[in-house]
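The chain contents come next:
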Amino acid sequence: MENTTDECAALYNDRKLDRIHRKVKELKASREWRARYMKFEELLSKEREDGVNEGKLAGEKRMLALVRAMLQDNRSDEIPLLETDEKLREELFREYHI
């Protein structure tokens, strides 16, 4: 759709494809639709960024809860391992129900 041409659409000799091709050309030529599309892209990008940030925050809170629990249990010597040992980290999350 993005790089469709009249020649390409004509090769298939398909009425539905031809209608779709004409509509795509019409929308591409419309400044209003182009502006709407760009706004939509911006909104999607913002939503994606917000989701990533929320995920990071949730991960940080989860890790902080784990570190606190380990400190309460006098397991501070294991805390440095959390950064590199994913298996240990997941085991501890399960163990502490975090």
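Residues numbered from 1 in each chain as written. Predicted model: local features only at pLDDT ≥ 70, side-chain atom pairs only at ≥ 80, totals over all residues. Heavy atoms only, no water.

It is worth spelling out the pattern of salt bridges at this point. The tally for this structure, following the rule as stated, stands at six salt bridges. Two residues, Asp50 and Lys46, come together in a salt bridge whose shortest N-O distance is 2.8 Å. One end of the pair, Asp50, and the other, Lys46, are both in helix 3 (residues 31-72), four residues apart, so they sit about a helical turn from each other. Under the relative-accessibility criterion, Asp50 is labelled partly exposed at 24%. (Salt bridge = Lys/Arg side-chain N within 4 Å of Asp/Glu carboxyl O. Helix = DSSP H or I, 4+ residues; strand = E, 2+ residues; numbered from the N terminus. Buried < 20%, exposed > 50% of the residue type's maximum accessible area, 1.4 Å probe, protein only.)

Relative to the elements of secondary structure, Arg75 occurs in the loop between helix 3 and helix 4 (86-95). Residue classification places Arg75 among the buried positions, given a relative accessible area of 18%. Of the polar contacts made by the side chain of Arg75, one reaches the side chain of Glu95; its length is 2.6 Å. In contact with Arg75, not counting residues within four places along its chain, are Met70, Leu92, Glu95 and Tyr96. (Polar contact = N/O pair within 3.5 Å; in protein donor to acceptor, adjacent residues only side chain to side chain. Contact = heavy atoms within 4.5 Å.)

Counted at 1.5 Å a residue, the expected span for helix 2 (residues 15-29) with its 15 residues is 21 Å, and the 21 Å between its end C-alpha atoms agrees. Residue Asp14 occupies the N-cap position of helix 2, its side-chain oxygen lying 2.8 Å from the main-chain nitrogen of Lys16. (Expected span 1.5 Å × (residues − 1).)

Turning our attention to the environment of Asp6. The topology assignment puts Asp6 in helix 1 (residues 6-12). Judged by relative accessible area, which is 42%, Asp6 ranks as partly exposed. Taking the C-alpha atoms as reference, Asp6 lies 24 Å from Ala35; in sequence the two are 29 residues apart. If sequence neighbours within four positions are ignored, Asp6 has contacts with His21 and Lys25.

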